[in-house]
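For reference, the chains in residue letters:
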Amino acid sequence: MKIRTFEGGLDKNFTYLVTGGDSPQSVIIDAAVPVEHLVQSVGNNRLTPVSLLITHTHHDHIVYLREYQQAFPNLKVHLWRHNNHYLKQQNLSHLDMIHVGSLKFTVIHTPGHTPDSVCYLVERKLFTGDTLFVGRTGRTIGATSDTRQLYRSVYSKILTLPGNTVIYPGHNYGDVQTITLEENKKISPLLRATDEDDFVKRMKEYEQSRRKLN
Ligand SMILES: [Fe+2]
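Let us look at the structure shown here. Every chain is numbered independently, its residues counted from 1 as its sequence is written. The predicted nature of this model means local features are confined to residues of pLDDT at least 70 and side-chain atom pairs, given and counted, to a pLDDT of 80 or more, with totals for whole chains, interfaces and linings taken over all residues. The basis for every side-chain value is the complete set of non-hydrogen atoms in the structure, without hydrogens or water.

1. A word on the coordination of the iron ion
What counts, and what does not: Only nitrogen, oxygen and sulfur atoms within 2.8 Å of the metal, or 3.2 Å for Na, K and Ca, are treated as donors, and water is left out, so sites may look incomplete. Note on conventions: DSSP H or I runs of at least 4 residues are helices, E runs of at least 2 residues are strands, and numbering of each starts at the N terminus. The buried label applies to any residue whose accessible area, calculated with a 1.4 Å probe on protein chains only, is under 20% of its type's maximum; exposed applies above 50%, and partly exposed to all values in between.
The iron ion binds to the protein through His56 (NE2), His58 (ND1), His113 (NE2) and Asp130 (OD); the donor distances cover 2.2 to 2.3 Å. Mapped onto the polypeptide sequence, the residues donating to the iron ion form the spacing pattern H-x1-H-x54-H-x16-D. With His113 in the loop between strand S8 (103-109) and strand S9 (118-122) and Asp130 in the loop between strand S10 (125-129) and strand S11 (132-133), this residue pair connects regions lying 17 residues apart in the sequence. The buried category is assigned to Asp130, whose relative accessible area is 5%.

2. Notes on the nonpolar core
Stated precisely, the cut-off is as follows: Buried Ala, Val, Leu, Ile, Met, Phe, Trp, Tyr and Cys residues form a nonpolar core when they are joined through side-chain atoms within 4.5 Å. Between two residues, a contact is recorded if the distance between any of their heavy atoms is within 4.5 Å.
If you look at the biggest cluster of nonpolar residues, it comprises 22 residues, and the most contacted ones within it are Leu126, Tyr155, Leu181 and Phe199. Those elements that place two or more of their residues in this core are S9, helix H4 (147-158) and helix H6 (196-213). Here the element with the most residues in this core is H4; it accounts for five residues. Residues in contact with Leu181, not counting those within four places in the same chain, are Leu132, Ile158, Leu159, Leu161, Pro162, Gly163, Thr165 and Ile167.

3. Considerations on the pairing of strand S3 (residues 25-29)
Note the following rule: Only when DSSP finds a minimum of two bridges between them are two strands counted as paired.
Counting buried residues in S3 gives four out of five residues, a clear majority hidden from the surface. For strand S2 (residues 13-19) and S3, the ladder comprises four bridges, and the chain directions are antiparallel. Looking across to S3, one finds that Tyr16 is bridged to Ile29. Here S2 folds back onto S3, and the loop between the two strands holds five residues, one of which, Gly21, carries a positive phi near 55 degrees. Here S3 pairs with strand S4 (residues 48-53) via five bridges, running parallel. The partner of Val27 across the bridge, within S4, is Ser51.

4. Some details on the side chain of His61
Within the secondary structure, His61 sits in helix H2 (residues 59-62). With a relative accessible area of 0%, His61 lands in the buried category.

5. Some points on H4
Spelled out, the test is: Helix span, as expected, comes to 1.5 Å for every residue beyond the first. Polar contact is defined as a pair of N or O atoms within 3.5 Å, subject to the rule that within protein one atom must be able to donate a hydrogen and the other to accept it, and that residues adjacent in sequence are counted only when both atoms are side-chain atoms.
The end-to-end C-alpha distance of H4, which contains twelve residues, comes to 15 Å, matching closely the 16 Å that a straight helix rising 1.5 Å per residue would cover. Those residues of H4 lying buried are Thr147, Leu150, Tyr151, Ser153, Val154, Tyr155 and Ile158. Measuring from the side-chain oxygen of the N-cap residue of H4 to the backbone nitrogen of Arg148 gives 3.0 Å; that N-cap residue is Asp146.

6. Digging into the packing of aromatic side chains
Under the convention used in this document: Aromatic rings from Phe, Tyr and Trp, with only the six-membered ring used for Trp, were paired whenever their centres fell within 6.5 Å, and each pair was classed as stacked if the ring planes differed by under 30 degrees, edge-to-face if by over 60, and tilted otherwise.
Inspection of the entire model under this criterion finds eight aromatic pairs. One aromatic cluster in this structure is built from Phe14, Tyr16, Phe127 and Tyr168.

7. Brief notes about unusual backbone geometry
Trans is the common state for peptide bonds, and a negative phi is the common state for residues other than glycine. Even without glycine at this site, Asp30 takes up a positive phi of about 65 degrees. Relative to the helices and strands, Asp30 resides in the loop between S3 and helix H1 (35-42). Phi is positive for Glu123, close to 50 degrees, though the residue is something other than glycine. Position of Glu123 relative to the elements: it lies in the loop between S9 and S10. On the basis of relative accessible area, Glu123 is assigned to the exposed category, the value being 53%.

8. Re the pattern of salt bridges
Rule in force here: Put simply, a salt bridge is a Lys or Arg side-chain nitrogen that is within 4 Å of an Asp or Glu carboxyl oxygen.
Counted by the stated rule, this structure contains six salt bridges. Residue Arg139 pairs with Glu207 through a salt bridge whose shortest N-O separation is 2.6 Å. Linking Arg139 in the loop between strand S12 (136-137) and H4 with Glu207 in helix H6, this pair joins segments that are 68 residues apart in sequence. Overall, Arg139 belongs to the partly exposed group, its relative accessible area being 21%. Residue Glu196 is joined to Arg152 by a salt bridge in which the shortest nitrogen-to-oxygen separation is 3.1 Å. In this pair, Glu196 is assigned in helix H6 and Arg152 in helix H4, connecting sequence segments 44 residues apart. The network of salt bridges with common partners includes Arg148, Arg152, Glu196 and Asp197.

What follows is the structure, given as structure tokens:
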């Protein structure tokens, strides 16, 4: 499996291109950078994505969606159950499997940052969107965010995965682009809460520390 990383978009966003084995078929995670970036890197003829997996529908993660659909008319767009204005969207359920060539992605529903947040696990790689970054979790300041839900998603669905699972987040917010779950726990107090209430307290402290910085 090969993962190519593209940074750009509205806020140090990442779009990933995943290919498996010798198959030319590939999968794109989030439509956060212009399609041209991928074409320039891979070459027009060699870029044959089958599926576009959306981590959640915040604008910065889907800003180039139409562009991708126009460039690749057969592209299947996968996202959590949502309204129907995305063309050819495939609505996901928790623990769905998405097969593309030799790649097998498992869908993990991780509400909290948004109700429609999902992570995608393939081998020991986890695409986390805005649920988990290098050094911290996603934020829960949005109108549809829920800190307690985020705690349950992160602590019962992500941190229970093997410690050597490598996360590929939705933004380049850390000192490095990717990190193992094990190492991320060491550098992030938000990943060392003793229980749900402690997590809520730590999130409040985190937001207060951001305000002080601004
Ligand atoms: Fe987001």
